[in-house]
Amino acid sequence: MNPIYMDNHASTPIDPEVLETFVEVARAYPGNPASTDNLHGAEAHGRLEKARAELAQSLDAKPREVIFTSGSTESNNLAIQGAARALAGSGMHIITSRVEHPSVIEVCRHLEESGWHVTYVDSDSDGRVLPESIERAMLPDTVLVSVMAANNEVGTVNDIESIARIAHARGAVFHCDATQAIGMCDVAFNRQEIDLMSLSGHKVYAPRGTGALVVRTSGHRVRLQPVVFGGGHERGLRPGTVNVAGAAALAIAVAKAMRMRASEPVRIAGLRDQMWELLATGIPNAVQNGAANSRLPGNLSVHIPGVESKALVAAVRRTVSVSAGSACSTEHVDPSHVLLAMGQSATRAFETIRIGLGRFNTEDDVIVASGEIIKRSLELLRLSDAANAHTSAG
Ligand SMILES: *Cc1c(COP(=O)(O)O)cnc(C)c1O
């Protein structure tokens, strides 16, 4: 039997319907969408523009505002570096938070080395970036504010509309990493007055290596400089032949996620709550990290005192895939920067597991996975108690 998959914040499996679109478009449109002189190229171009229009509609944007990329890391790089360079003449101060994804934080660190000044605001103890913290950090030369819609480790959802308003009141551009929020939270590019928005295919049941950056072209029009050079594709902002099948798959995946928004978040939150009840009953000292409300429906960030999360994740791996902190950082020994920013200790960060429930999880999965996590946690606790008893006995 395959292990149960509960690491949906790290990556989601491809939805069969999305895969079907991907394969069909890959087969039926062999041309290069930039070679529109020949019929194959023209047809591929037509299919790409259809995907762009579909995606724009799902996100409350205009087709020309959608730039296809390889995912959110690239989108975040293009948004932040691209806007910073285009706006350098007006100011060189950027505001972001300490709980952002590394593809935001490390881009900002890189810009600091090139002369930009960056303020990394703290979150509250739930991992929420408060609008008033952004307000306090604003300076006369602030040109860009970048805050995520929902956190990939602890699931906390931010009030991005208020943050957008604060940025705009001071003439700054607002970038939002909406990767985890698509289909789970209310995300509407135009209505929420977002200027730059990143999303990734493999977090919404589309293939890895697909994604988009949405760039405002009307009203408060955003100027960007490209970070990659080599052609005029995607309005010159993202040169390179576009993955037409990937764009089509992304568009259909986002449309489906938006259609399912009425029921799916409620279903997943129900499974999550059930799982927490089982875990809290089986492991009496387990506690949750993050917000009780305003939280991604599938997210459980659980601190089990005395149980090292790496050991637990390894112990349960034949039954269920969960992660120790953030998947992007599992090769490092550093504690989660998100939990530290929330004011938690390094010990607590090393004893926290992240469970990400998704579209294909069932109640059976919840029962089996909880049973295994409880059993292995109690085993590990007994082992560490025995080791402690041994040590104190001399
Ligand atoms: C996964 C993730 C990213 C990176 O996306 P890729 O498509 O894997 O590059 C960025 N931000 C958040 C919040 C994420 O969850």
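Residues numbered from 1 in each chain as written. Predicted model: local features only at pLDDT ≥ 70, side-chain atom pairs only at ≥ 80, totals over all residues. Heavy atoms only, no water.

A. Quick look at helix H7 (residues 244-259). Taking 1.5 Å of rise per residue, the 16 residues of H7 would be expected to cover 22 Å, and the 23 Å separating its terminal C-alpha atoms lies within 8% of that figure. With 13 of 16 residues buried, H7 lies mostly within the body of the structure. (Helix = DSSP H or I, 4+ residues; strand = E, 2+ residues; numbered from the N terminus. Expected span 1.5 Å × (residues − 1). Buried < 20%, exposed > 50% of the residue type's maximum accessible area, 1.4 Å probe, protein only.)

B. Molecular detail of the sheet that holds strand E5 (residues 142-146). The strand order across the open sheet formed by seven strands is E2-E8-E7-E6-E5-E3-E4, and the pairing between neighbours is mixed. Only two strands of the sheet have a single neighbouring strand rather than two, namely strand E2 (66-69) and strand E4 (117-121). Ignoring which end each strand starts from, the neighbouring axes of this sheet average 20 degrees apart. The pairing of strand E3 (residues 93-97) with E4 spans five bridges and is parallel. Following the sheet pairing, His 93 is matched in E4 by His 117. Its contacts with the sheet put helix H3 (residues 72-87) on E2, E3, E5, strand E6 (173-177), strand E7 (196-200) and strand E8 (211-215), and the angle it makes with E7 is roughly 160 degrees. Against the sheet, H7 touches E2, E7 and E8, its axis set at about 100 degrees to E7. (Pairing = 2+ DSSP bridges. Axes fitted to C-alpha atoms, helices over the stretch in contact; angles between N-to-C directions. Contact = heavy atoms within 4.5 Å.)

C. Spotlight on the packing of H3 against helix H4 (residues 102-113). Where H3 meets H4, the closest approach of the two axes is 9 Å, and the angle between their N-to-C directions is 30 degrees. For the element pair H3 and H4, the recorded crossing hand is right-handed. Listed contacts from H4 to Ser 72, Thr 73, Asn 76, Asn 77, Ile 80, Gln 81 and Ala 84 of H3 are Ser 103, Val 104, Val 107, Cys 108, His 110 and Leu 111. A breakdown of the residues in the contact of H3 with H4 according to their chemical character gives six nonpolar, seven polar and no charged. (Left-handed = near helix turned anticlockwise from the far one by under 90°. Nonpolar A, V, L, I, M, F, W, Y, C, P; charged D, E, K, R; others polar.)

D. View of helix H6 (residues 160-169). Among all positions of H6, only Ile 160, Ser 162, Ile 163, Ala 164, Ile 166 and Ala 167 are buried. Looking at the buried positions of H6, the neighbouring elements they touch are helix H5 (131-137), E5 and E6. Where H6 terminates, the next one or two residues include Gly 171, which has phi positive at roughly 75 degrees.

E. Seen up close, the packing of aromatic side chains. In this structure the tally under the stated criterion is one aromatic pair. Taking 5.7 Å as the distance between ring centres and 85 degrees as the angle between the ring planes, the aromatic pair formed by Tyr 205 and Phe 360 counts as edge-to-face. Residue Tyr 205 is found in the loop between E7 and E8, and its partner Phe 360 is found in the loop between strand E13 (352-356) and helix H12 (363-392); the two are separated by 155 residues along the sequence. A relative accessible area of 7% means that Tyr 205 is categorised as buried. A cation over a ring is seen here: Arg 109 above Tyr 120, with NZ or CZ 4.4 Å from the ring centre. Above the face of the Tyr 205 ring, Arg 359 is positioned so that its terminal group lies 4.1 Å from the ring centre. (Phe/Tyr/Trp six-rings, centres within 6.5 Å; stacked < 30°, edge-to-face > 60°. Lys NZ or Arg CZ within 6 Å of the ring centre and 35° of its normal.)

F. Structural context of the site of the ligand. In the vicinity of the ligand there are 14 residues, among which Thr 73, Asp 177, Gln 180, Ser 200 and Lys 203 approach most closely. Within the side chain of Asp 177, one N or O atom sits 2.6 Å away from a nitrogen atom of the ligand. The separation between an oxygen atom of the ligand and a polar side-chain atom of Ser 200 is 2.6 Å. Coverage of the ligand by the protein amounts to 89% of the 390 Å² it exposes when considered alone. Per element, the largest residue contribution to the shell around the ligand is three residues, and it comes from H3. (Near = heavy atom within 4 Å. Polar contact = N/O pair within 3.5 Å; in protein donor to acceptor, adjacent residues only side chain to side chain. Areas by Shrake-Rupley, 256 points an atom, 1.4 Å probe, with all protein chains shown as cover.)

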